[in-house]
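Structural features, examined
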Amino acid sequence: MELSEAEIRAVYAQGEEAVVALVSELLKQFQQQSARLDKLEEQVSKTSRNSSKPPSGDGFGKRTKSLRRRSDQPSGGQAEHPGQTLEWRDEPDIERLHPLQSCPDCGGALEHAPVKQVYARQVFDLPAVDLLVTEHQVEVKHCQQCGASKQAAFPPEASNVVQYGPRLKGMMTYLMDGQLLPSKRTGEILQDLMGVSVSEGTLYTTREDCFERLEPVMSAVQDQIRNAAVVHFDETGLRVKHQLWWLHVAATDGLTAYFVHPKRGREAMDAMGILPTFEGKAIHDGWHSYAQYEGCEHFLFNAHHLRELQFIWERYEQTWAFQLSLLLVSIHSHVEQLRAAAAEALTAAPLAAYEARYDAILEQGLRANPLPTLAPDASKQRGRPKRSPPRNLLERLHKHKASVLGFMHDFIIPFDNNQAERDVRMMKLKQKISGCFRSEDGAKMFCRIRGYLATMRKQGHNVFEALVDLFAGNPRLPLPQAE
């Protein structure tokens, strides 16, 4: 509200009530703008280091803070790392002799001079890539016993008169879904490197074929995930048909399953079909839909808590947030030391000490962030009064204490949810490259194929060869995971 001096004097002339009404209105606007300013400052203060905001939203400013503790190891390659370098091959594929015909100094003829010694160097390179055409022929014979003419069977890859083979189909899928290349660039690579001109329609038909072949394989992956002891869950936004959909992931250290759905909550999780029957230990964030599944144990990952505590410390300068971060990191370090020594659990004394310290820090934080006072007209408002970000985090950490500290009671429970976050990262990169999926079918195809590739890579397979085997009719099934 902007008032001129004359308008202010006119209000003053109207008496005390007019002045009170004006000041009250100005105070109301000030409070609204102050709340809006606080909200904007919170948004500006959040980065990928202190929230779930992705690194791409940090801008180009220099990153000066990290939650990662300094390692005792020197930078660069470690002494125990095997390394990867070229090694001399005793039996090369090609031997090429370069004779010495004349002296490089005086020009004397050396063509018939005896060879005193031969030095050798090896060059590792790719052979020229060319399309290999295999013609499959089957015999037709007359059966004397039944009196009919019979022919031998063509192999699975020769289903038509002419078609592309498993290796080329595997390469198409590998480039598009493994390396996230757009269809146009995939066609350019195939043309430039192999001399094969492939239409966009052929690329997408091959992708659809891969999707259909993977149905029983990914069904087996989901079955193994349901029976796993520990599973990481996560979800993130995904653009499909210019609308916000949700990508859900369930992963172990050897298995990955993706699922795309218009919803983020329980409706999508039910449709994915893993959590409804899962009875193991679920690692996830604080999204309330996870807690609705009572058949499994729930544990919150603390890497997210550390980022939130970092934000509270930076934005509100509350010491309890720093103290709790230090406590969580200290417990994690203690657990890792014991795990390295083949221990299975903390003893009773440190467990009690850590829990007491945790409770004391939360109590300190709750005292510093009391519940909001109710306004006189609070009875007319619906829902609970709005809490501050520090208060919300404190209440969550207090309510879910067992889920937060589960990693120190059971060493099988991880401190973070890095497994699911790593599996999500490449899916976000796909969206960054392509913008969005133009159809629901395209999104589902990509999710199933990426789940297969991620699973194969985790289990030590060459993902390209796994695609070749798939198109050849010999799909590689996921190996059973150890409990």
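All of these numbers come straight from a predicted model, not from anything done at the bench.

Next up on the list: the packing of aromatic side chains. Scanning the entire structure with this criterion turns up seven aromatic pairs. With centroids separated by 6.2 Å and ring planes inclined at 70°, the aromatic side chains of tyrosine 174 and phenylalanine 464 adopt a geometry described as edge-to-face. On the criterion of sequence distance, the pair formed by tyrosine 174 in helix α3 (residues 166-178) and phenylalanine 464 in helix α16 (residues 463-471) is long-range, its members being 290 residues apart. Taking the centre distance of 6.3 Å and the plane angle of 85° together, the rings of phenylalanine 311 and tyrosine 316 count as edge-to-face. On the basis of relative accessibility, which here comes to 5%, the residue phenylalanine 311 falls in the buried class. On the accessibility criterion, tyrosine 316 (25% relative accessible area) is partly exposed. Every member of this aromatic cluster is reached through a ring pair, and the members are Phe233, Phe278 and Tyr290. The positively charged end of arginine 264 is found above the aromatic ring belonging to tryptophan 287, 3.7 Å away from the centroid. One residue, arginine 315, lies across the ring of tyrosine 316, its end atom 5.2 Å from the ring centre.

Okay, the sheet that holds strand β4 (residues 243-251) next. Overall, mixed pairing links the five strands, which are arranged β5-β4-β3-β6-β7 in an open sheet. The strands lining the two open edges of the sheet, one partner per strand, are β5 (256-261) and β7 (297-300). With direction set aside, neighbouring strand axes in the sheet form an average angle of 25°. The pairing of strand β3 (residues 230-240) with strand β6 (residues 281-284) spans three bridges and is classified as parallel.

What follows deals with the environment of histidine 305. Looking at where histidine 305 falls in the secondary structure, it is placed in helix α8 (residues 302-316). For histidine 305, the contacting residues outside a window of four places in its chain are Leu300, Arg396, Leu397 and Val404.

Now for the pattern of salt bridges. Under the definition given, this model contains 21 salt bridges. For glutamate 421, the salt bridge is made with arginine 307, and the minimal N-O distance between the two is 3.6 Å. One end of the pair, glutamate 421, is in helix α14 (residues 418-434); the other, arginine 307, is in helix α8, with 114 residues separating them in the sequence. Classification of arginine 307 as buried rests on a relative accessible area of 15%. Notably, a salt bridge pairs arginine 387 with glutamate 395, separated by 3.3 Å at the nearest N-O pair. Each of the salt bridges in this network shares a partner with another, and the network as a whole consists of Lys281, Glu297 and Asp410.

When you line up the elements, aspartate 209 lands in helix α5 (residues 200-213). Separated by 236 residues in sequence, aspartate 209 and methionine 445 have C-alpha atoms that sit 9.7 Å apart. The residues contacting aspartate 209, other than those within four sequence positions of it, are Lys169 and Phe471.

So, about α14. Across its 17 residues, α14 extends 25 Å between first and last C-alpha, which sits within 8% of the 24 Å expected from 1.5 Å per residue. Here α14 has its buried residues at Gln419, Ala420, Glu421, Asp423, Val424, Met427, Lys430 and Gln431. Considering only its buried residues, α14 is in contact with α3, β3, β4, β5, α8 and α15 (440-458). With its phi angle positive at about 90°, glycine 435 sits one or two positions after the end of α14.

The rules behind the values
- The written sequence of each chain sets the order in which its residues are numbered from 1.
- Whole-chain, interface and lining totals are the exception, using all residues; otherwise, since this is a predicted model, local features are given only for residues with pLDDT of at least 70 and side-chain atom pairs are given and counted only at 80 or more.
- Based on all heavy atoms of the structure, the side-chain values leave hydrogens and waters out of the count.
- Pairing of aromatic rings covers Phe, Tyr and Trp, the last through its six-membered ring, and needs centres within 6.5 Å; plane angles under 30 degrees mean stacked, over 60 mean edge-to-face, and all others mean tilted.
- Segments assigned H or I by DSSP are reported as helices when at least four residues long, segments assigned E as strands when at least two residues long, and all are numbered from the N terminus.
- Exposure is judged per residue with a 1.4 Å probe applied to protein chains only, and the accessible area is read against the type maximum: over 50% gives exposed, under 20% gives buried, and values in between give partly exposed.
- Lysine NZ or arginine CZ positioned within 6 Å of the ring centre and within 35 degrees of the ring normal marks a charge as sitting over the ring.
- DSSP-based pairing: two strands are paired if at least 2 bridges between them are found.
- All axes here are fitted lines through C-alpha atoms, helices being fitted over the stretch that makes contact, and every angle between N-to-C directions spans 0 to 180 degrees.
- Only heavy atoms matter for contacts: two residues are in contact if any of them lie within 4.5 Å across the pair.
- For salt bridges, the criterion is a side-chain nitrogen of Lys or Arg within 4 Å of an Asp or Glu carboxyl oxygen.
- Under the convention used throughout, the expected extent of a helix is 1.5 Å for every residue step, that is, one less than its residue count.

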